[in-house]
Amino acid sequence: MQVPAPFEYERATSVDHAIELLNRLGSEARIIAGGHSLLPMMKLRMAAPEYIIDINDLSDQLEYINISDDEVRIGALTRHQQLLESDELAAIMPIFRDAEKVIADPVVRNKGTLGGSLCQADPSEDLSAVCDALDASCVIKGPDGERVVAMHDFHVGPYETAVADGEMLTEVRIPRRSGSSSAYHKVERRAGDWAVASAGAAVTMDGDVIADGRVGLCAVGPNLTNVEPISQALRGATPSEELYAQVGQIAADNASPNTDTRGTAAYKTHLAKELTVRSLRKAVERATNGGAA
Amino acid sequence: MQVHLTVNGEEVSKEIEPRTLLVHFLRDHMGLTGTHWGCDTSNCGTCVVWVDNEPVKSCTHLAAMAGGHEVRTVEGLEVDGELDPVQEGFIQCHGLQCGFCTPGMMMTARALLDRNPDPDEATIREAISGQICRCTGYSTIIRSIQWAASKERETAVAIEGANA
């Protein structure tokens with residue numbers, strides 16, 4: 001039987017209350033939202049917090065997808081299911097629906113949250129790659145107010161984030177750019193599994209030229225999400241199969257996967273290349289057609 | 001700690017350890033052993049129950065988190081001796097072999113039909129993709145859910161007809 005080690009349970013009544021609890025209870029306190037990352041870690045004793053602070057009552061403050069002209073703001077407690085079902089989000093950032101379709105299963109998606117996924121900081125976690133491809137920023141709130149950290153700096157290492165003791169992730173902000181679109185491709189052993197490897201791409205077109213492009217990879221390195229040389233290669237380039245192949249090769253060259261039960265390092269490196277190509281091709285096609293088809 | 005919640009419409013209050021998982025709370029504290037405890041890793045889905053009308057995997061849900069909420073288990077499908085159409089469908093179409101996955105399958109199926117009274121096969125397959133049937137009896141499970149959907153649509157038409 002797998003059960004977590006003993007802990008004390010607290011329920012937050014507001015974001016400020018949650019932060020107050022985090023600061024009062026100290027470094028052994030953890031936030032629980034959907035629980036689908038933290039509870040398995042606790043069952044395996046990879047995490048053994050002394051205090052659990054339940055924020056599920058804070059949906060008024062933390063569960064939302066707000067789309068304005070220049071950015072999208074998503075509350076940390078937003079569930080996978082909401083990210084999957086939002087037609088408004090899919091219309092401008094189809095990468096979310098692409099990824100959410102292949103994250104876990106419908107029942108898990110009812111509970112699991114965006115914030116929990118990012119804070120787990122698992123190198124195989126899909127939404128981290130999605131958010132990095134989209135050049136997202138994370139809003140971290142603490143006793144002295146909030147600070148904004150680029151997604152690229154949010155993951156400090158495997159299972160380690162920029163969120164310090166006494167702080168919590170409250171929101172993810174994604175810039176909106178005209179002429180943009182995005183796509184995500186994942187290879188998994190069976191439906192809903194962690195990625196063998198996956199790649200997400202987001203591009204902004206300026207006429208026939210790629211003004212800006214980013215690729216986020218997951219499961220092919222300890223903390224590899226965005227690959228800067230890819231962005232450099234894409235800037236100002238004209239889309240072509242040759243360009244995709246060149247960029248795919250950069251992804252493969254920057255990948256450092258381990259051989260494990262999900263596949264060999266060589267296979268995962270191949271996937272990093274091929275999935276980068278497919279995601280880029282799709283993102284450009286969508287951006288050019290002005291839709292999410 | 002004390003936890004207050006509603007289980008199948010009944011208010012309950014129990015003293016629990018905070019680390020008690022909802023699946024164990026239901027089985028060991030409430031004696032509701034219809035909810036099965038399977039893989040313990042949120043993969044197999046036999047522990048699916050509803051929290052506030054939404055299916056969740058109760059092996060990956062603290063009982064404490066269900067405090068103040070409404071939980072519905074497979075025991076809550078039958079009302080006053082009358083089986084839910086989903087239960088009837090599982091009987092009619094041989095939707096269970098060993099029966100281990102059945103409670104989770106039925107709770108997920110019920111939630112699906114409440115949201116979508118006429119799901120196609122692909123939609124049903126997607127809905128139960130978080131459940132594992134180790135007898136591999138998926139085809140009959142899908143037929144059982146289709147049977148329930150069709151029965152409910154007929155009943156709905158009959159009621160509309162009677163009201164006309």
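Scroll up for the structure.
Conventions adopted
Residues numbered from 1 in each chain as written. Chains lettered and ligands numbered in written order. Predicted model: local features only at pLDDT ≥ 70, side-chain atom pairs only at ≥ 80, totals over all residues. Pairing = 2+ DSSP bridges. Helix = DSSP H or I, 4+ residues; strand = E, 2+ residues; numbered from the N terminus. Axes fitted to C-alpha atoms, helices over the stretch in contact; angles between N-to-C directions. Contact = placed C-beta atoms within 7 Å. Parallel < 35°, antiparallel > 145°, perpendicular 65-115°, else oblique. Left-handed = near helix turned anticlockwise from the far one by under 90°. Nonpolar A, V, L, I, M, F, W, Y, C, P; charged D, E, K, R; others polar.

Q: Could you give an account of the sheet that holds strand β2 (residues 10-15) of chain B, with specific residues and numbers?
A: Residue and element names in this part refer to chain B. Taken together, 5 strands build an open sheet; the order of strands is β2-β1-β5-β3-β4 and the sheet is mixed. Only two strands of the sheet have a single neighbouring strand rather than two, namely β2 and β4 (54-57). Within the sheet, the average angular offset between the axes of one strand and its neighbour, ignoring direction, is 40°. Where strand β1 (residues 2-7) lies against strand β5 (residues 70-72), 2 bridges are found, and the strand directions are parallel. Across the sheet, residue Thr 6 finds its bridge partner in β5, namely Glu 70. Together, β3 (48-51) and β4 form the strand contacts of helix α3 (residues 102-115), whose direction differs from that of β3 by roughly 40°.

Q: Before we move on, can you summarise the sheet that holds strand β11 (residues 180-188) of chain A with the specific residues and values?
A: All names here are of chain A. As summarised here, the arrangement of the 3 strands in space is β11-β12-β13, forming an open sheet in which the pairing is antiparallel. This sheet does not close on itself; its edge strands, each paired only once, are β11 and β13 (209-218). In this sheet, neighbouring strand axes are inclined to one another by 15° on average, regardless of whether the strands run parallel or antiparallel. Pairing geometry for β11 and strand β12 (residues 195-206), over 9 bridges, is antiparallel. Within the sheet, the bridge partner assigned to His 185 lies in β12 and is Ala 199. Those strands touched by helix α9 (residues 126-133) are β11, β12 and β13, and its axis lies near 160° from that of β13. The strands touched by helix α13 (residues 265-289) within the sheet are β11, β12 and β13, with β12 carrying the most contacts at an inclination of about 30°.

Q: Tell me what's going on with the interface of chain B and chain A, and back it up with residues and numbers.
A: How big an interface is tends to be stated in terms of the accessible area lost upon association of its parts. Opposite the 24 residues of chain B that make contact, chain A presents 22 residues. Taken together, the elements giving at least two residues each to the side of chain B that touches chain A come down to β4 and α4 (121-127) of chain B. Looking at the side of chain B that touches chain A, the element that brings in the most residues is β4(B), giving 4 residues.

Q: Describe in detail the environment of Gln92(B), supporting the description with residues and values.
A: Here Gln92(B) lies in helix α2 (residues 85-92). The spatial distance from the C-alpha of Gln92(B) to the C-alpha of Trp147(B) is 8.0 Å, given a sequence separation of 55 residues.

Q: Could you give me a rundown of the packing of α2(B) against α3(B), with the residues and numbers involved?
A: Residue and element names in this part refer to chain B. Here α2 crosses α3 at 125°, and the two axes come no closer than 9 Å. The orientation of α2 relative to α3 falls into the category oblique. Crossing hand, α2 versus α3: right-handed. Contacts from Val 86, Gln 87 and Phe 90 of α2 reach α3 at Thr 102, Met 106, Ala 109, Arg 110 and Leu 113. Partitioned by chemical class, the residues of the contact of α2 with α3 number 5 nonpolar, 2 polar and 1 charged.

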